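Descriptive structure summary
Listed below are the residues making up each chain.
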Amino acid sequence: MTDSDPAPDPAPHARPSMGERLLFAIPSALIYGVILYLMLWQGTDTMLPFIAGLIFMPMAIAGTASVLADPRGEGRLWRHIKIGWICIGLFTLLSFAVLHEGGICAVMAAPFFCGASALGSWLSFLCLRKLRSRSAVSCVIALPLLGLPGMPDAPAPPLEGQVRSVVEIAAPPSAVWANTVAIADIRPEERIWTFSHNVVGVPRPIDARLAGQGVGAVRHLRWTRGVTFEEVVTGWQQDRALAWTFRFGPGAIPQAVEGHVKVDSPYLKLTGGDYRLSPLPGGRTRLVLTTHYRIATPINAYCDLWGHIFLEDFHGAVLHVIKARSEAAALTAGNGVS
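First things first, this report covers the structure right here in the doc. Computed from a prediction, not measured in an experiment: that's the story for all the values here.

In this section: a nonpolar patch on the surface. Taken together, the side chains of I31, I35, M39 and L145 define a hydrophobic patch exposed on the protein surface, amounting to about 370 Å² of accessible area. Examining the composition of the nonpolar patch, we find that three residues originate from one element, helix α1 (residues 18-40), more than from any other. Relative to the helices and strands, L145 is located in helix α6 (residues 143-147). With relative accessibility at 39%, the residue L145 sits in the partly exposed group.

A separate point is the packing of α1 against helix α2 (residues 50-69). Relative orientation and spacing of two packed helices are given, respectively, by the angle between their axes and the distance between those axes. With their axes 8 Å apart at the nearest point, α1 and α2 run at an angle of 155° to one another. Taken together, the axes of α1 and α2 are roughly antiparallel relative to one another. Once α1 is placed against α2, the crossing between them reads as right-handed. Facing M18, R21, L22, F24, A25, S28, A29, Y32, G33, L36, Y37 and L40 of α1, the residues of α2 in contact are A52, G53, M57, A60, I61, T64, A65, L68 and A69. Within the contact of α1 with α2, the residues separate by chemical class into 16 nonpolar, four polar and one charged.

Here the focus is empty space enclosed by the protein. The full count for this structure, using the stated rule, is three cavities of 30 Å³ or more. There is about 770 Å³ of room inside the largest cavity. Contributing to the lining of the largest cavity are 44 residues, with W223, V263, L270, F310 and L311 lying nearest its centre. Counting residues per element, the lining of the largest cavity draws most heavily on helix α9 (residues 300-334), at eight residues. Here the second largest cavity defines a volume of roughly 70 Å³. Taken together, I186, R191, I192, H197, R204, P205, A317, V318 and V321 form the lining of the second largest cavity. With three residues, the top contributor of residues to the lining of the second largest cavity is α9. Split into classes, the residues belonging to the lining of the second largest cavity amount to six nonpolar, one polar and two charged.

Moving on: the nonpolar core. Among the nonpolar cores identified, the biggest contains 77 residues, and M57, I183, L242, Y275, L287 and I322 are the most heavily contacted of them. No other element matches α9, which puts 10 residues into this core. Listed in part, the five residues of the second largest apolar core include M59, A116, V140 and L143.

Looking now at the pairing of strand β6 (residues 268-280). Each regular strand displays side chains that alternate between the two surfaces of the sheet. Relative to β6, strand β5 (residues 241-247) runs antiparallel, the two sharing four bridges. Bridging across to β6, W244 finds its partner in G273. By the bridge criterion, 12 bridges tie β6 to strand β7 (residues 284-295) in an arrangement that is antiparallel. Bridge pairing links L270 to Y293 in β7. If you look at the hairpin formed by β6 and β7, you'll find three residues sitting between the two strands, and G282 has a positive phi there, around 80°.

Enumeration over the complete set of coordinates arrives at 12 salt bridges. One salt bridge in this structure joins E160 and R294, with 3.7 Å as the shortest N-O distance. Of the two residues, E160 sits in strand β1 (residues 159-169) while R294 sits in strand β7, which places them 134 residues apart along the sequence. Given the relative accessible area of 54%, E160 is considered exposed. In this structure, R209 and D207 form a salt bridge, with 2.9 Å as the shortest nitrogen-oxygen distance.

Right, let's get into the environment of L270. Topologically, L270 is positioned in strand β6. On the accessibility criterion, L270 (17% relative accessible area) is buried. Separated by 25 residues in the primary sequence, L270 and I295 place their C-alpha atoms 8.8 Å from one another. Not counting residues up to four positions away in its chain, the partners in contact with L270 are F246, F248, V263, T291, H292 and Y293.

Conventions adopted
Residues numbered from 1 in each chain as written. Predicted model: local features only at pLDDT ≥ 70, side-chain atom pairs only at ≥ 80, totals over all residues. Heavy atoms only, no water. Patch = residues over 30% accessible without salt bridge, like charges linked within 9 Å, V, L, I, M, F, W, Y side chains within 5 Å. Areas by Shrake-Rupley, 256 points an atom, 1.4 Å probe, with all protein chains shown as cover. Salt bridge = Lys/Arg side-chain N within 4 Å of Asp/Glu carboxyl O. Helix = DSSP H or I, 4+ residues; strand = E, 2+ residues; numbered from the N terminus. Buried < 20%, exposed > 50% of the residue type's maximum accessible area, 1.4 Å probe, protein only. Axes fitted to C-alpha atoms, helices over the stretch in contact; angles between N-to-C directions. Parallel < 35°, antiparallel > 145°, perpendicular 65-115°, else oblique. Left-handed = near helix turned anticlockwise from the far one by under 90°. Contact = heavy atoms within 4.5 Å. Nonpolar A, V, L, I, M, F, W, Y, C, P; charged D, E, K, R; others polar. 1 Å grid on protein atoms, 1.4 Å probe; cavity = no way out; pocket = protein on both sides within 12 Å on 5 of 7 lines; lining within 4 Å. Points joined across faces, edges and corners; volume = space filled by probe spheres on them. Core = buried A, V, L, I, M, F, W, Y, C linked by side-chain atoms within 4.5 Å. Pairing = 2+ DSSP bridges.

The values reported here are purely geometric and, on their own, carry no functional implication.
This is the structure:
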């Protein structure tokens, strides 16, 4: 090269790779998600804000990730959706580890989060690919803030429901009654596997002690993870029936267990329960456990589905203990062992 030769053009600036953009996009989307969570849910007594929280928030998280990971909309739609789902999955883990969210909320919200995240990714992709407008994506990102005024102040129309479980026990009603009115110190080996307890992490029943006899007596219940509440007896027929209403005091369900599912609130209330014992031929007993509840949310049918799952698992766990203890007591009595 001589002094008269023209200087070579500077090398064009290399655009960041998708991997490099993801290193910035995913943390940014998570930070924005945490900010939205704190604005929408933390410190409130409401359930999941349906519009702003369950729908718009995951859309906004996915939209943030899309515009930062692929600002020109050059990738495929499926890639955008997968990036959004990765962010939602990481956000859920973060809510467990840092925000101390409970498993019940996370499991119930998961279908909405996945669907809304995919919708947010799709809308953001269209804005970037078709409209060539990043500012349009900002509308998707701001949706949770726009949805706040639309959050209903009053509960939705209530739905009354119940869960009824039946078990037949090889023991007379007197033996079953003795192991039903009080269920003390449930041991780990007496517990059965359930989806609610083993997968979701719902607290397990571990103790139920009776104070008093007849109507007005109180059953004091303890569950794992510090859950405590009372059942006030409203119906008592020796060896035949026991009915009660629930009483939840302050701190009955610790915030660390479940901050947004309150079982004595305008949107969810356990209204009562009962055991019914019916004698069967051969010294057997049919035991029926029923729990009554009322829900009032914009998604009553969906919450009712989960309510059945959680209550059926609880019923199954308790009835298993009653059956095993009653049959063991009947066997011991039949063998003449005092």
